[in-house]
Amino acid sequence: FAYGDGSNVTLRNLGSIDFGGIPGYTINALSLTSDTGAISQGGPIAAGSFFAKAATGIAFGHAGNAIGTITGLTNSISGGILFATFSNLDLAGNISAAGQEVLLVSIGHAMTQSSGGIVADTLRATASTGLSLTSATNNVVNIAGLTNAASGGIAYTDADGFRITGDINAMGGQALSLTVVNA
(Lines give C-alpha, C1' and ligand atoms only; values in the text may rest on other atoms or scores of the structure.)
Protein backbone atom coordinates (compact mmCIF):
# COMPACT_ATOMS: atom_id res chain seq x y z
CA PHE A 1 0.00 0.00 0.00
CA ALA A 2 1.07 3.63 -0.37
CA TYR A 3 0.78 6.67 1.84
CA GLY A 4 1.61 10.35 1.54
CA ASP A 5 3.96 12.53 3.53
CA GLY A 6 2.29 13.55 6.82
CA SER A 7 -0.33 10.77 6.68
CA ASN A 8 -1.65 8.73 9.56
CA VAL A 9 -1.03 5.03 8.89
CA THR A 10 -2.97 2.26 10.67
CA LEU A 11 -2.40 -1.37 9.73
CA ARG A 12 -3.85 -4.48 11.37
CA ASN A 13 -3.04 -8.03 10.29
CA LEU A 14 -3.90 -11.46 11.64
CA GLY A 15 -0.27 -12.58 11.16
CA SER A 16 3.10 -10.86 11.29
CA ILE A 17 3.84 -7.40 9.86
CA ASP A 18 7.15 -6.30 8.31
CA PHE A 19 6.70 -2.55 7.74
CA GLY A 20 8.99 -0.54 5.48
CA GLY A 21 8.96 3.22 5.34
CA ILE A 22 9.12 5.35 2.20
CA PRO A 23 12.41 7.29 2.07
CA GLY A 24 11.83 11.03 2.42
CA TYR A 25 8.31 10.66 3.83
CA THR A 26 7.35 11.27 7.45
CA ILE A 27 4.28 9.56 8.89
CA ASN A 28 2.29 11.63 11.36
CA ALA A 29 1.02 8.69 13.47
CA LEU A 30 1.95 5.05 12.78
CA SER A 31 -0.17 2.31 14.36
CA LEU A 32 0.58 -1.39 13.74
CA THR A 33 -1.31 -4.37 15.21
CA SER A 34 -0.51 -8.05 14.62
CA ASP A 35 -3.15 -10.23 16.26
CA THR A 36 -1.10 -13.45 16.33
CA GLY A 37 2.37 -12.64 15.01
CA ALA A 38 5.31 -10.28 15.31
CA ILE A 39 6.01 -6.73 14.11
CA SER A 40 9.31 -5.86 12.43
CA GLN A 41 10.61 -3.29 10.01
CA GLY A 42 12.23 -3.50 6.61
CA GLY A 43 14.04 -0.16 6.79
CA PRO A 44 14.18 3.14 8.66
CA ILE A 45 10.90 4.85 9.58
CA ALA A 46 10.24 8.56 10.17
CA ALA A 47 7.11 9.20 12.24
CA GLY A 48 5.81 11.65 14.80
CA SER A 49 4.33 8.88 16.93
CA PHE A 50 4.30 5.08 17.03
CA PHE A 51 1.91 2.52 18.50
CA ALA A 52 2.38 -1.25 18.15
CA LYS A 53 0.62 -4.32 19.50
CA ALA A 54 1.82 -7.87 18.76
CA ALA A 55 1.83 -11.40 20.15
CA THR A 56 5.29 -12.76 19.33
CA GLY A 57 7.66 -9.80 19.37
CA ILE A 58 8.14 -6.18 18.35
CA ALA A 59 11.50 -5.51 16.67
CA PHE A 60 11.63 -1.87 15.62
CA GLY A 61 15.32 -1.27 16.18
CA HIS A 62 16.67 0.31 12.99
CA ALA A 63 19.33 2.92 13.86
CA GLY A 64 17.92 5.20 11.14
CA ASN A 65 14.49 5.52 12.76
CA ALA A 66 13.31 9.06 13.49
CA ILE A 67 10.31 8.51 15.75
CA GLY A 68 9.68 11.03 18.53
CA THR A 69 6.85 9.56 20.61
CA ILE A 70 5.75 6.07 21.64
CA THR A 71 2.01 6.10 22.35
CA GLY A 72 1.99 2.42 23.35
CA LEU A 73 3.86 -0.85 22.81
CA THR A 74 2.34 -4.17 23.86
CA ASN A 75 3.64 -7.68 23.24
CA SER A 76 1.51 -10.40 24.78
CA ILE A 77 3.18 -13.83 24.46
CA SER A 78 6.89 -14.00 23.60
CA GLY A 79 9.71 -12.25 21.79
CA GLY A 80 9.87 -9.06 23.83
CA ILE A 81 10.12 -5.48 22.60
CA LEU A 82 13.06 -3.76 20.89
CA PHE A 83 12.70 -0.11 19.90
CA ALA A 84 15.37 2.34 18.75
CA THR A 85 15.29 5.85 17.31
CA PHE A 86 17.79 8.50 16.29
CA SER A 87 15.84 11.34 17.94
CA ASN A 88 14.59 12.53 21.30
CA LEU A 89 12.08 9.96 22.53
CA ASP A 90 9.01 10.56 24.70
CA LEU A 91 7.27 7.52 26.19
CA ALA A 92 3.67 8.76 26.23
CA GLY A 93 1.84 5.46 26.67
CA ASN A 94 2.11 2.07 28.32
CA ILE A 95 4.86 -0.35 27.31
CA SER A 96 3.92 -3.89 28.27
CA ALA A 97 5.78 -7.16 27.77
CA ALA A 98 4.95 -9.11 30.91
CA GLY A 99 7.52 -11.87 31.52
CA GLN A 100 9.68 -10.62 28.62
CA GLU A 101 12.50 -8.16 27.88
CA VAL A 102 12.08 -4.52 26.81
CA LEU A 103 15.03 -2.73 25.17
CA LEU A 104 14.62 1.00 24.44
CA VAL A 105 17.30 3.11 22.72
CA SER A 106 17.48 6.81 21.89
CA ILE A 107 20.66 7.13 19.82
CA GLY A 108 22.46 10.40 20.53
CA HIS A 109 19.45 11.98 22.23
CA ALA A 110 17.28 11.99 25.38
CA MET A 111 14.56 9.61 26.54
CA THR A 112 11.74 10.84 28.79
CA GLN A 113 8.51 9.37 30.09
CA SER A 114 5.55 11.76 30.11
CA SER A 115 2.87 9.14 30.84
CA GLY A 116 2.18 5.42 30.97
CA GLY A 117 4.21 2.71 32.64
CA ILE A 118 6.68 0.01 31.64
CA VAL A 119 5.77 -3.57 32.63
CA ALA A 120 8.38 -6.25 31.86
CA ASP A 121 10.53 -8.96 33.35
CA THR A 122 13.71 -7.22 32.15
CA LEU A 123 14.40 -3.61 31.12
CA ARG A 124 17.39 -2.19 29.26
CA ALA A 125 17.44 1.48 28.21
CA THR A 126 20.09 3.65 26.57
CA ALA A 127 20.23 7.38 25.80
CA SER A 128 22.87 10.09 25.48
CA THR A 129 21.47 13.38 26.80
CA GLY A 130 19.19 12.21 29.62
CA LEU A 131 17.34 9.03 30.58
CA SER A 132 14.28 9.76 32.69
CA LEU A 133 11.80 6.91 33.26
CA THR A 134 9.99 8.19 36.34
CA SER A 135 6.40 6.93 36.19
CA ALA A 136 5.19 5.51 39.51
CA THR A 137 3.46 2.76 37.48
CA ASN A 138 6.70 1.32 36.06
CA ASN A 139 6.91 -2.28 37.22
CA VAL A 140 9.91 -4.31 36.06
CA VAL A 141 11.52 -7.27 37.80
CA ASN A 142 15.11 -6.78 36.55
CA ILE A 143 17.08 -3.75 35.42
CA ALA A 144 19.58 -5.37 33.04
CA GLY A 145 21.14 -2.08 32.02
CA LEU A 146 20.59 1.68 32.09
CA THR A 147 23.10 3.85 30.20
CA ASN A 148 23.30 7.57 29.52
CA ALA A 149 26.42 8.61 27.63
CA ALA A 150 26.88 12.38 27.76
CA SER A 151 24.66 14.58 29.95
CA GLY A 152 21.32 14.71 31.74
CA GLY A 153 21.79 11.76 34.09
CA ILE A 154 19.61 8.74 34.77
CA ALA A 155 16.37 8.63 36.77
CA TYR A 156 14.26 5.49 37.16
CA THR A 157 11.15 4.97 39.34
CA ASP A 158 9.45 1.62 39.98
CA ALA A 159 6.14 0.79 41.67
CA ASP A 160 7.37 -1.97 43.99
CA GLY A 161 11.07 -2.78 43.66
CA PHE A 162 13.47 -4.34 41.17
CA ARG A 163 16.75 -6.24 40.95
CA ILE A 164 19.82 -4.73 39.30
CA THR A 165 21.19 -7.50 37.08
CA GLY A 166 23.36 -5.43 34.73
CA ASP A 167 25.42 -2.26 34.54
CA ILE A 168 24.05 1.19 35.26
CA ASN A 169 26.21 3.85 33.61
CA ALA A 170 25.73 7.58 34.07
CA MET A 171 29.08 8.46 32.55
CA GLY A 172 31.17 11.49 33.44
CA GLY A 173 29.78 12.10 36.92
CA GLN A 174 26.12 12.52 35.91
CA ALA A 175 23.31 12.31 38.46
CA LEU A 176 21.74 8.91 39.18
CA SER A 177 18.38 8.41 40.87
CA LEU A 178 16.73 5.00 41.43
CA THR A 179 13.41 5.19 43.31
CA VAL A 180 10.94 2.62 44.60
CA VAL A 181 7.45 3.99 45.34
CA ASN A 182 6.13 1.16 47.58
CA ALA A 183 9.24 -0.42 49.06
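Above this text sits the structure in question.
All values reported here derive from a predicted model rather than from experimental measurement.

Enquirer: Can you break down the overall build of the protein chain residue by residue, with the values?
Expert: For the protein chain, the helix and strand inventory stands at zero helices and 18 strands. Computed over the C-alpha atoms, the radius of gyration of the protein chain is 16 Å, within 12% of the 16 Å expected from 2.2 N^0.38 for a compact globule of 183 residues. Each principal axis of the C-alpha distribution contributes one length, and for the protein chain these read about 50 × 30 × 25 Å. The proportion of buried residues among the 183 residues of the protein chain is 43%. Sequence-distant contacts, at least 24 apart, represent 8% of the contacts inside the protein chain between residues at least 6 apart.

Enquirer: Explain the packing of aromatic side chains to me, and be specific about the residues and the numbers.
Expert: Applying the stated criterion across every chain, the model contains four aromatic pairs. Aromatic side chains Phe50 and Phe83 sit 5.8 Å apart centroid to centroid with 20° between the ring planes, which places their arrangement in the stacked category. A residue pair is termed long-range when its members are at least 10 positions apart, and Phe50 in strand β5 (residues 46-54) and Phe83 in strand β8 (residues 81-85) qualify at 33 residues. Grouping residues by exposure puts Phe50 and Phe83 together as buried. Ring geometry for Tyr156 versus Phe162: centroids 5.3 Å apart, planes at 85°, classification edge-to-face. Chaining the aromatic ring pairs together yields one cluster made of Phe50, Phe60 and Phe83.

Enquirer: How would you sum up the environment of Ala127? Please name residues and give values.
Expert: Among the structural elements, Ala127 can be located in strand β12 (residues 118-127). The class for Ala127 is buried, based on a relative accessible area of 1%. A C-alpha to C-alpha distance of 6.5 Å links Ala127 and Gly108, two positions 19 residues apart in sequence. Beyond its immediate chain neighbours, meaning those up to four positions away, Ala127 contacts Ser106, His109, Ala110, Met111, Thr147, Asn148 and Ala149.

Enquirer: Give me the lowdown on the pairing of strand β3 (residues 27-34), citing residues and values where you can.
Expert: Buried residues dominate β3, accounting for six of its eight residues. Here strand β1 (residues 8-13) runs beside β3; their pairing, made up of six bridges, is parallel. Counterpart to Val9 in the pairing with β3 is Leu30. Bridge count between β3 and β5: six bridges; the pairing is parallel. By the bridge assignment, Ala29 is partnered in β5 with Ser49.

About the thresholds
Residues numbered from 1 in each chain as written. Predicted model: local features only at pLDDT ≥ 70, side-chain atom pairs only at ≥ 80, totals over all residues. Heavy atoms only, no water. Helix = DSSP H or I, 4+ residues; strand = E, 2+ residues; numbered from the N terminus. Rg over C-alpha atoms; globule rule 2.2 N^0.38 Å. Buried < 20%, exposed > 50% of the residue type's maximum accessible area, 1.4 Å probe, protein only. Contact = heavy atoms within 4.5 Å. Phe/Tyr/Trp six-rings, centres within 6.5 Å; stacked < 30°, edge-to-face > 60°. Pairing = 2+ DSSP bridges.

Just geometry here; none of it tells us what the structure is for.
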